[in-house]
Amino acid sequence: MSKHNLLIKKIKKQIVSINSLLESYFNKLNLLKSNLKKGEIIRNNKVLIGILLVVTLTLSYFTIPSLYDKNKIKIQIENQVFKKYGINARINDGIKYGLFPQPHFFSKNLSIFRDKKEIGISDDFKIFIDISNFFSINKINIEDIIFKKVLFNFKFDDFKFFEKLLKIPPNENEIFIKEATIFLKSDNDETLLINKISNSKFFYDSFNLQNIFESKNEIFNIPYKLIIKNDEFNKNLYTKINFKKIRLEIENDISYQDNDVKKGLLNILFINNNISLNYNFDKNSLDFTSKDSNFFNGIVYFKPFYLKADFNYDGLSIKNLFKNDSILVDIIRSELFNNENLNISINLNVKDITNIDELNSLFLNLILDQGNINILNSKIMWKDDLEILMNEGLVSYNNNEIFLTGKLIINAIDIDDFYKSFQIKKNNRKKFNRIEFDFVYNINKSQLEFDNVLIDNKSNEKLEKFVESQNSNEKMLSNKILFKNFINEFFMIYSG
């Protein structure tokens, strides 16, 4: 019995010993786990503190410019803008610091000067700065510039402001001009034209070694794109203007190695028709001539603006000249010529009208004077039979329609051949020397209305009534049969 109890006691001791070991093991394991958690928290805290410290230091660094003396930073920026870009600018109001999208200073009132004369005011000015050194106001380095909502008041010489920007030394920065308007003024302070800039920029192309200006604009209600490339090393200036609305594209190459007289080549593309001309110009005028032949020549005087040109064609089609989608109609609709300071005189000589067999020898004298489009002392031949003169004519644009108003004089040269062409009955072939009448031609509708008909300076009441009855016929000019019938009936009534 005693032996049995002793065995039981020994077993109990072993079990207690094992429990103690297990308990000790798990206690140590829990202690280790607890210590590991504490170490992780400490380490996590250190990482978080490090991140917060970096963010705080970074934000503190980027906010340093906000502590600058505002008067000193204004002077610093004005000096750098002039030194780096040649722009004489003055910040009129207070200047503020912004952090996003990148560090910059901005102001709501900045003046731009040229030769101590204010030529522009920007209502929204922003200049970005290099982030490499903010610890000293003297170490601030400017980068991109944005001029927004700018009003420019220019005389012709003031365009040298843009010319100077095309000659700035190579750099990686850009100058933006947005929502700007240029008022070009005469010496008498009269507005010659208004050019609107929606978005433009100056930058340096390091690959092609060129200063470049790209701009989206609008002039006389016609939008256009402009690109200018200046190769300072080769003394060459390239310009491209694209008037998409009126399907006109102009390319220009200028060599300015000679400071007094500059030479250039101009290419003009009207739809699929290409015109090239050579020209020379100085500060007072520009003369030009066609590249391939004696197609045209002319001269432009700058002060005041006046253009005189002669165009010569062997053959020209006028079939689509006055259609609603023609270039001429688009230009008139755009009111491009509606400018009192635009003076132009153009002579057009055409040997043959290619789409109308009977018409030839057109001479058109087009005068643009103080916004009026006049046709003076012009003529065209009907075969060799009739000479058709227009001594006075006026092109006008009213209620979205274009009108040509004037007086036509028809001189008979070979009246017998004319009668044969229209198969006028012999008993209706009454001789005449001169027919004249007033007319209004609606270009949009191809409709001709005329009155005050005089034949050899005499009126005819029956003819007046007949003409009046035909004025509502919109198809008379476009339909050969209707036109021939009109001519036959006209001379039948005249012959009495």
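Residues numbered from 1 in each chain as written. Predicted model: local features only at pLDDT ≥ 70, side-chain atom pairs only at ≥ 80, totals over all residues. Heavy atoms only, no water.

### Observations regarding the overall build of the protein chain
Cut-off, in case you're wondering: Comment: elements are numbered from the N terminus, with helices defined as DSSP H or I runs of at least four residues and strands as E runs of at least two. Only protein chains enter the calculation, and the probe is 1.4 Å; a residue is then buried if its accessible area is under 20% of its type maximum, exposed if over 50%, and partly exposed in between. Here, two residues are considered to be in contact whenever any of their heavy atoms come within 4.5 Å of each other.
A tally of helices and strands in the protein chain yields 7 helices and 24 strands. Every one of the 496 residues in the protein chain was classed for burial, and the buried ones make up 38%. Once local pairs closer than 6 in sequence are excluded, the contacts in the protein chain between residues at least 24 apart make up 42%.

### Considering the confidence of the model for the protein chain
Threshold: The predictor attaches a confidence to each residue, and that confidence, scored 0 to 100, is pLDDT.
Summary statistics for the protein chain give a mean pLDDT of 83 and a share of 83% for residues scoring 70 or more. Of all secondary-structure elements in the protein chain, the lowest mean pLDDT belongs to helix α1 (residues 2–62), at 54, while strand β9 (residues 210–219) reaches the highest, 96. Below pLDDT 50 for its whole length, residues 6–12 participates in 0 contacts with residues either more than four positions away or in separate chains.

### Here we look at the packing of helix α6 (residues 461–470) against helix α7 (residues 480–495)
Note the cut-off: Between N-to-C directions, angles span 0 to 180 degrees; the directions come from axes that are lines fitted to C-alpha atoms, helices contributing only their stretch in contact. Any angle from 65 to 115 degrees is called roughly perpendicular, while one under 35 is roughly parallel, one over 145 is roughly antiparallel, and all others are oblique. Two helices crossing with the near one rotated counterclockwise from the far one by less than a right angle form a left-handed crossing, whereas a clockwise rotation gives a right-handed crossing. Following the grouping adopted for this structure description, the nonpolar residues are Ala, Val, Leu, Ile, Met, Phe, Trp, Tyr, Cys and Pro, the charged ones are Asp, Glu, Lys and Arg, and the polar ones are all others, Gly among them.
Contact geometry for α6 and α7: axes closest at 9 Å, N-to-C directions at 160 degrees. If you check the angle between α6 and α7, you find them roughly antiparallel. In the crossing of α6 with α7, the sense of the turn from one axis to the other is right-handed. On α7, the residues that touch K462, L463, F466, V467 and Q470 of α6 are F486, E489, F490, I493 and Y494. Class assignment for the residues of the contact of α6 with α7 results in 7 nonpolar, 1 polar and 2 charged.

### Regarding empty space enclosed by the protein
Definition in use: Buriedness for pockets is judged along seven lines, at least five of which must meet protein on both sides within 12 Å for an open set on the 1 Å grid over protein atoms alone, while cavities are sets there where a 1.4 Å probe fits but cannot get out, and lining residues have an atom within 4 Å of a point. Grid points are joined across faces, edges and corners, and a volume is the space filled by probe spheres set on the points.
For the structure on display, the rule yields 1 cavity of 30 Å³ or more. The volume enclosed by the largest cavity comes to roughly 30 Å³. Every residue lining the largest cavity is listed: L165, L166, I168, F202, F203, Y204, N211 and I212. Of all the secondary-structure elements, those providing two or more residues to the lining of the largest cavity are β8 (191–205) and β9. Examining the composition of the lining of the largest cavity, we find that 3 residues originate from one element, β8, more than from any other. For the lining of the largest cavity, the residue count by class is 7 nonpolar, 1 polar and no charged.

### Remarks on the environment of F432
Structurally, the position occupied by F432 is in the loop between α5 (415–421) and β23 (434–442). Sequence separation between F432 and I455 is 23 residues, and the spatial gap between their C-alpha atoms is 7.1 Å. Each residue touching F432, except ones within four places of it in the same chain, is listed here: A412, I415, Y419, I455, D456, F491 and Y494.

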